[in-house]
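# Summary of the model geometry
What follows is the residue order along each chain.
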Amino acid sequence: MPTIDLTGKAAVVTGSGRGLGLAYAHALAAHGASVVVNDVDEAVAEQAVKSITEAGGTAVAEVVPVGSAEAAERLVGRAVEEYGRLDVLVTNAGILRDKVLWKMTDEDFDAVITTHLRATFTCARAAAVRMREQGEGGTLVLVGSPAGQRGNFGQTNYAAAKAGIAAMARTWSMELSRANITVNAIVPVAATAMTETIPAFAPYVEALRNGEPLPDFLRKGEGFGTPEDCAAIVAFLASDTARGITGQCVGIGGDKVALWSHPQEIRTAYADGGWTSEALADAWHTSIGAEPQSVGIPAPKTPEA
């Protein structure tokens, strides 16, 4: 197996005070990277830094809510100030404001879009500018979600943001290829405060918190595990071993890793001279719409007794 060695690399991980972000920061530091931990809570950020340094890693905290260009510049600037460079950016910060469409307020929508989508854009832009100036390539790891791939009930804002993040990964992989900057989206599934809001997963998250292991059907069948189970993909994508991987959406969780397909046409039909509404109605169920696509995140399937 190749050795994953990130010695000499500097990384910024947004929203890394706890949960998945903290797991990503720990994985990067464990493989030798120096990390800027970001959170909105100073005590949480400092505790995260302490946990990394006590494990033998190198980390500092930058406390700022992501979203604005100023926050992005602060994060990149802190990496350069402390470590002299920036090689890796992981855009993990996120919040939830779940409501069905007719109850979701403008504030609910804007808050999630700002923290997820706009912050991914502003932080990636600032990182790309720095990495291009350095002239040595770099790595952007954007954090997506199954909700962005398939939609999820009550998550208009979150699903839209995560779908946009996947699209940005594909776009930026093309724009930054000449600078040797790879851009990939990861699609993690883990027991966190966010997944606890999904009724199908809630009891298992609670059980895990009480020290009970996750059942095998979840770890393998659903690819659902701990935040630490998702962290290896970040260290791998940040390594020189992964320099040829870009523009991909990679799912990880539990014992499972998967490559998500990009949206593509699955059935086509043609009508000489173009389609009329009546012709579409006549052809839909026997032609183009014969196998409509499913939506939503499938609920865990408990093994039959």
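As a starting point, this report considers the structure included with it.

### Digging into unusual backbone geometry
- For Asn-180, which is not glycine, the phi torsion reads 60° and is therefore positive.
- Counting through the fold element by element, Asn-180 comes out in the loop between α6 (156-175) and β6 (181-188).

### Some details on the nonpolar core
- The biggest cluster of nonpolar side chains holds 36 residues, and the ones touching the most others in it are Tyr-24, Leu-28, Val-35, Val-37, Val-90, Ile-186 and Val-234.
- Of all the elements, helix α1 (residues 19-30) adds the most residues to this core, at eight residues.
- Setting aside chain neighbours within four positions, we find Leu-28 in contact with Leu-6, Ala-11, Val-13, Ala-33, Val-35, Val-90, Val-234, Ala-235 and Ala-238.
- Core analysis: the second largest hydrophobic core is formed by 33 residues, Val-66, Leu-75, Val-76 and Cys-123 among them.

### Some details on helix α4 (residues 106-134)
- Helix length check: α4 (29 residues) gives 40 Å between terminal C-alpha atoms against 42 Å at 1.5 Å per residue, within 8%.
- Taken as a whole, α4 carries its principal kink of about 40° at Thr-114.
- Note on α4: the residue one or two positions beyond its end, Gly-135, has a positive phi of about 75°.

### Looking at the pairing of strand β5 (residues 138-143)
- Here β5 lies mainly inside the structure; six of its six residues are buried.
- Side chains Gly-138, Leu-140 and Leu-142 of β5 all project onto a buried face; the interleaved residues Thr-139, Val-141 and Val-143 project onto the opposite face, where all are buried too.
- Two elements, strand β4 (residues 88-91) and β5, share four bridges in a ladder whose sense is parallel. Looking across to β5, one finds that Val-88 is bridged to Thr-139.
- Crossover handedness for the path β4 to α4 to β5: right-handed.
- In the sheet, β5 pairs with β6 via six bridges, with the strands oriented parallel. Paired with Leu-142 across the strands is Ala-185, a residue of β6.

Rules and cut-offs
- Each chain has its residues counted from 1, following the order in which its sequence is written.
- At least 70 in pLDDT is required for a residue's local features to be given in this predicted model, at least 80 for side-chain atom pairs to be given and counted, and no such filter applies to totals for whole chains, interfaces and linings, which use all residues.
- Side-chain metrics in this entry use all non-hydrogen atoms of the structure; hydrogen atoms and water are not considered.
- Each helix corresponds to a stretch of at least 4 residues labelled H or I by DSSP, and each strand to a stretch of at least 2 residues labelled E; elements are numbered beginning at the N terminus.
- In this description, a nonpolar core means a group of buried Ala, Val, Leu, Ile, Met, Phe, Trp, Tyr and Cys residues linked to one another through side-chain atoms lying within 4.5 Å.
- Working definition: with a 1.4 Å probe on protein chains only, accessible area under 20% of the residue-type maximum means buried, over 50% means exposed, and in between means partly exposed.
- Residue contacts are counted whenever heavy atoms from the two residues lie within 4.5 Å of one another.
- Here a helix's expected span is defined as the number of its residues, less one, multiplied by 1.5 Å.
- Axes are fitted to the seven residues ending at a residue and to the seven starting at it; the angle between these axes is taken as the bend at that residue.
- Two strands qualify as a pair provided that DSSP identifies no fewer than 2 bridges between them.
- When the strands point away from the viewer, a crossover counts as right-handed if the path from the first strand over the helix to the second runs clockwise.

Treat this as a map of the structure, not an account of what it does.
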